[in-house]
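So the chains spell out like this:
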Amino acid sequence: MTDVHGKEQRTMTTPAARATTLAYVDAVHRRYRDPVQPDGFAPDWDDRPLAHTHHPGATRIALPLPAPAGAPTPAPGGGRTLTSLAEDLRATIGVLARRRQIDWNRDLAEQSAPHTPRWGTGSASGGGTHPLEVYWAAGPSAPIPPGVYHYACGLHALERLSTLDPAPAVRAALGPDVAADGHDQFLLCTVRPWKNAFKYHNLAYHLATLDLGSFLASWELTSRDRGAGHRPRLWFDEEALGGLLGLDPDEESVHAVLPLDWHTAGADASRSAPTAPPPVRPPHYERSRTVRRFSLADDVRRATAQAPPTEPAPAPASASAPDVPPAVPGTTTPLPVAPGAPTPGTALATLAARTSSSGRIDASRPLGAAALAAVLGAAFPHPPRSGGFVEAAVAVRAAEGLAPGGYAYDPARHALSHLPGDPLPTLTQDLYGLDNYDVAGVPVTLVLHWHPERAVAAHGPRAYRAANAEAGAAAQRAHLAATALGLSSGIVFGIDPVPLDEALGLTAAGRRSQLCVFLGLPRPGAAALDGRLA
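Residues numbered from 1 in each chain as written. Predicted model: local features only at pLDDT ≥ 70, side-chain atom pairs only at ≥ 80, totals over all residues. Heavy atoms only, no water.

Q: Looking at this structure, I do not really get the overall build of the chain. What am I missing?
A: In terms of regular secondary structure, the chain is built from 14 helices and 16 strands. Per-residue burial for the chain yields a buried fraction of 57% across its 534 residues. Within the chain, contacts between residues at least 6 apart in sequence are counted, and of these 80% link residues at least 24 apart. For the chain, the computed accessible surface area is about 20,800 Å², with 57% contributed by carbon and sulfur atoms. (Helix = DSSP H or I, 4+ residues; strand = E, 2+ residues; numbered from the N terminus. Buried < 20%, exposed > 50% of the residue type's maximum accessible area, 1.4 Å probe, protein only. Contact = heavy atoms within 4.5 Å. Areas by Shrake-Rupley, 256 points an atom, 1.4 Å probe, with all protein chains shown as cover.)

Q: How should the sheet that holds strand β10 (residues 391-396) be read in this particular structure?
A: Strand pairing in a sheet takes place through backbone hydrogen bonds and is either antiparallel or parallel in direction. Strand order in the open sheet made by the 7 strands is β9-β12-β11-β10-β13-β15-β14, with antiparallel pairing throughout. Because the sheet does not close on itself, it has two edges, and the strands there are β9 (332-334) and β14 (488-492). Geometrically, the sheet is characterised by an average inter-axis angle of 25° between neighbouring strands, direction not taken into account. Contacts from helix α13 (residues 462-484) reach β13 (444-450), β14 and β15 (512-520) within the one sheet, and its direction differs from that of β15 by about 5°. (Pairing = 2+ DSSP bridges. Axes fitted to C-alpha atoms, helices over the stretch in contact; angles between N-to-C directions.)

Q: How should the packing of aromatic side chains be read in this particular structure?
A: Aromatic ring pairs are defined here through the distance separating the ring centres and the angle between the ring planes. Counted by the stated rule, this structure contains 10 aromatic pairs. Both rings, one in Tyr-24 and one in Tyr-464, keep their centres 6.0 Å apart while their planes meet at 80°; by these two values the pair is edge-to-face. Here Tyr-464 lies in helix α13 and Tyr-24 lies in helix α1 (residues 14-29), a separation of 440 residues in the sequence. On the accessibility criterion, Tyr-464 (1% relative accessible area) is buried. Seen from their ring centres, Phe-380 and Tyr-409 are 6.2 Å apart, and the 55° between their planes marks the pair as tilted. Placement of Phe-380 in the loop between α11 (369-379) and β10 and of Tyr-409 in strand β11 (residues 405-410) is noted, with a sequence separation of 29 residues between them. Grouping residues by exposure puts Phe-380 and Tyr-409 together as buried. Pairwise contacts between aromatic rings join Tyr-24, Tyr-205, Trp-450 and Tyr-464 into one cluster. (Phe/Tyr/Trp six-rings, centres within 6.5 Å; stacked < 30°, edge-to-face > 60°.)

Q: I would appreciate a short explanation of the pattern of salt bridges in the present structure.
A: Pairing is possible between side chains that carry opposite charge, provided their charged atoms lie close to one another. With the rule as written, the count across this model stands at 21 salt bridges. With its nearest N and O atoms 3.1 Å apart, the salt bridge here joins Arg-293 to Asp-250. Residue Arg-293 is located in the loop between β8 (253-259) and α9 (295-304), and its partner Asp-250 is located in the loop between α8 (238-245) and β8; the two are separated by 43 residues in the primary sequence. The class of Asp-250 is buried, set by a relative accessible area of 7%. Ionic pairing is found between Asp-298 and Arg-293, a salt bridge with its closest N-O pair at 3.0 Å. One salt-bridge network, held together by shared partners, links Glu-238, Asp-250, Arg-293, Asp-298, Asp-299, Arg-301, Arg-302, Arg-462 and Arg-465. (Salt bridge = Lys/Arg side-chain N within 4 Å of Asp/Glu carboxyl O.)

Q: Please explain the side chain of His-150 as it appears in this structure.
A: Here His-150 is to be found in strand β5 (residues 147-152). What makes His-150 buried here is its relative accessible area of 0%. A distance of 2.8 Å separates polar atoms of two side chains, one belonging to His-150 and the other to Glu-133. Aside from chain neighbours lying at most four places away, what touches His-150 is Thr-53, His-55, Glu-133, Val-134, Tyr-135, Ala-157, Leu-158, Glu-159 and Leu-161. (Polar contact = N/O pair within 3.5 Å; in protein donor to acceptor, adjacent residues only side chain to side chain.)

Now the structure itself:
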């Protein structure tokens, strides 16, 4: 096969793609015992890529900034407008603030330097690297000329990359159910591996797919506030959409599509875009002098790009599923009734306030039962909004009304069931690869996990991407619920999963943990500056 850039791409058979995907999952799982980074690898911090991609040769459209109150701008009659799209892009993937805070990370000097700031964003990302890009495929009903636009998050502007009407191509790539519904506005979310691979080498792809879920959860919450939104599409013809955007698939590839309901008052839905070939895509600015490639990450990206046979229908997630570690009989504890997503104020305000706790969790106070119930209910809405690949185990060290130990969470019953294994002796600082959290002092740890062999066998290699996106979304929903409730939380990937999975009984059940969420009350007092950009 030859891609749109004329380069030969290796085509895998389905069995080979499945084997490659499962081998990558296993390599990531065993990374503390068999490192996945190339020999001698160290990040070149002086040659890192830009945090915020932009295309210097593209025509730009400046987007409006939100009102200071942070309330979503309504659209008369429903649907999105250019203003509401701008608000939600900025809140979910844009730049909100420059932050400096004293915490257990060791980068305070870097935060304070003018050329290496820490930017506050609405969606969590592994190491703050944010490897995602968002494009608006604007059809004829848009209030701007039809075409493909890149959201330049650092500039809060749209960059026009194509003058064609992209809607027919997107509908065709998504399949007959979307082609029939007449949508002509879509967001296309891509992964640019080098934006986090410079730091995370072969782990970059795994982290990027988790980050994808984080963004999708943020977008879901902003859409819910507006009474709009469709479920994200993760199963489509990736090659066709990459061709539409003019992408080299090894440098950037489409991973999710979000159909948009558009408020068409004042827009000319009958406008047609030119049918001539699109112009040459203006290149993005690449700051790095050297862009490296990593074979394991490249191979799994190619394997999961294969068109899947079916999209899994959402299925109820239940702790009684046959492959989940069995709970101790008679130990089910119903949780207090909790709203699906606690958001005092709007999603825009919660996203603006979100920040990782970076160790600022109070080990001396237990987490309240109602708060834990609210966070779990937000993280795992029932019925599930995606494929139901991911389950949650809960390691409780100090929570009101719960004995210390391991639990399985059942979203259908909104209840916890005691697991026979005790993860607490294992869940210590020795298990953690960093030093920005006191692991033994965290009151509650959520452990998100899935069954890779079963999912990939049933739905093909792309099930790996879908499961990671589901885990990233659940973690972000938990994180935002904790923010709204005034809790302290952090999404953590740096734990050695092998002993943790064994202690929770996941290994024997064929399941693998994907990442963790630390929860607790905040430590009193803080030293931080939060410089709002608007």
